[in-house]
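Structural features, examined
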Amino acid sequence: MRKWLVIAAIPLLAGCSFVKYSFSGTSIQPDVKTITIPYVEYKALRVNPSLSNDLTEALKDKFRKLTKLEQVDMNGDLELLCEVTGYDVKPMAVTANEVAAQNRLTVTVKVEFSNKKYPEDDVSQSFSGYSDYDSMQSLEAVEAGLCEEIIEKIVEDIFNATVAQW
């Protein structure tokens, strides 16, 4: 009797398609096939002319490499709207002479993520990343490297909060 019960249960367990799991760490339902990632808007007061483009491309690359989602220009099952809302430099470590020894560049990105098929997975959140640099250097001299580091962190955080749901 037990043997028949186990044999009858195997097809039921094998047919469970509601389980969300992948080796890339994503939690994307099997019927979600497309994503729209429009150009990241820049709304920060301090200007970095390449940041929006760099951030947009980094997001697209991350989703391309770690998911099987097709990137479409409009009406994706998932939509990732981002805008840079902060780009600030502030002194951090101060010397005995009250001079900044280090400065911190901070980038803040507001994200509106919508899942048209599973709205309970929607995310509305801001993400920040920063990097410190020696105040003896000008921002212009180190900006590209700092932004690359910050973008990598922010993209990882956005990816984890939206499709990895960590």
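Higher on the page you've got the structure.
Reference entry: report on the structure contained in this document. Being a predicted model, the structure only gives us computed values, none of them experimental. (Residues numbered from 1 in each chain as written. Predicted model: local features only at pLDDT ≥ 70, side-chain atom pairs only at ≥ 80, totals over all residues. Heavy atoms only, no water.)

1. Topic: the overall build of the chain
- Counting its secondary structure elements, the chain contains three helices and six strands.
- For the chain, the N- to C-terminal ordering of α and β elements is α-β-β-α-β-β-β-β-α.
- Of all 166 residues assigned to the chain, the portion counted as buried reaches 36%.
- A sequence separation of at least 24 residues applies to 66% of the contacts in the chain between residues at least 6 apart.
- Carbon together with sulfur atoms contributes 56% to the accessible area of the chain, which is approximately 10,500 Å² in total. (Helix = DSSP H or I, 4+ residues; strand = E, 2+ residues; numbered from the N terminus. Buried < 20%, exposed > 50% of the residue type's maximum accessible area, 1.4 Å probe, protein only. Contact = heavy atoms within 4.5 Å. Areas by Shrake-Rupley, 256 points an atom, 1.4 Å probe, with all protein chains shown as cover.)

2. Describing the packing of aromatic side chains
- Evaluation of the coordinates by the stated rule reveals one aromatic pair.
- Aromatic side chains F63 and F159 sit 5.1 Å apart centroid to centroid with 65° between the ring planes, which places their arrangement in the edge-to-face category. You can see F63 sitting in helix α2 (residues 51-66) and its partner F159 sitting in helix α3 (residues 139-164), a full 96 residues away along the chain. We note that F63, like F159, is buried.
- If you follow K62 out to its NZ or CZ, it ends over the ring of F159, 5.7 Å from the centre.
- A cation sits over an aromatic face here: R104 above Y130, 3.8 Å from the ring centre. (Phe/Tyr/Trp six-rings, centres within 6.5 Å; stacked < 30°, edge-to-face > 60°. Lys NZ or Arg CZ within 6 Å of the ring centre and 35° of its normal.)

3. Looking at the pairing of strand β5 (residues 102-115)
- The sheet contact formed by strand β4 (residues 78-91) and β5 spans 13 bridges and is antiparallel. Directly across from G86, in β5, lies its bridge partner T108.
- Across 12 bridges, the pairing between β5 and strand β6 (residues 123-134) is antiparallel. Its bridge partner being in β6, Q102 is matched across the sheet by D134. (Pairing = 2+ DSSP bridges.)

4. Brief notes about the nonpolar core
- Counting 36 residues, the largest nonpolar core has L59, L80 and V109 as its most contacted members.
- Looking at this core, the elements that each hand over two or more residues are α2, β4, β5, β6 and α3.
- With 12 residues, α3 is the single largest residue contributor to this core.
- Aside from chain neighbours lying at most four places away, what touches V109 is L55, C82, E83, V84, T85, Q125, S126, F127, I154 and I158. (Core = buried A, V, L, I, M, F, W, Y, C linked by side-chain atoms within 4.5 Å.)

5. So, the pattern of salt bridges
- Counted under the stated rule, the structure contains six salt bridges.
- Salt bridges sharing partners connect three or more residues here, namely E41, K43 and E83. (Salt bridge = Lys/Arg side-chain N within 4 Å of Asp/Glu carboxyl O.)

6. Some thoughts on the packing of α2 against α3
- As a packed pair, α2 and α3 sit with axes 10 Å apart at the nearest point and diverge in direction by 45°. Here α3 runs oblique to α2, going by the angle between their axes. For α2 against α3, the interelement crossing comes out right-handed. Contacts between α2 and α3 involve L51, D54, L55, A58, L59, K62, F63 and L66 from the former and C147, I151, V155, E156, I158, F159, T162 and V163 from the latter.
- Its residues assigned to classes, the contact of α2 with α3 shows 12 nonpolar, one polar and three charged. (Axes fitted to C-alpha atoms, helices over the stretch in contact; angles between N-to-C directions. Parallel < 35°, antiparallel > 145°, perpendicular 65-115°, else oblique. Left-handed = near helix turned anticlockwise from the far one by under 90°. Nonpolar A, V, L, I, M, F, W, Y, C, P; charged D, E, K, R; others polar.)

7. Focus on the environment of L55
- Note that L55 resides in helix α2.
- Leave out the neighbours within four places in its chain, and L55 touches V40, V84, V109, I151 and V155.

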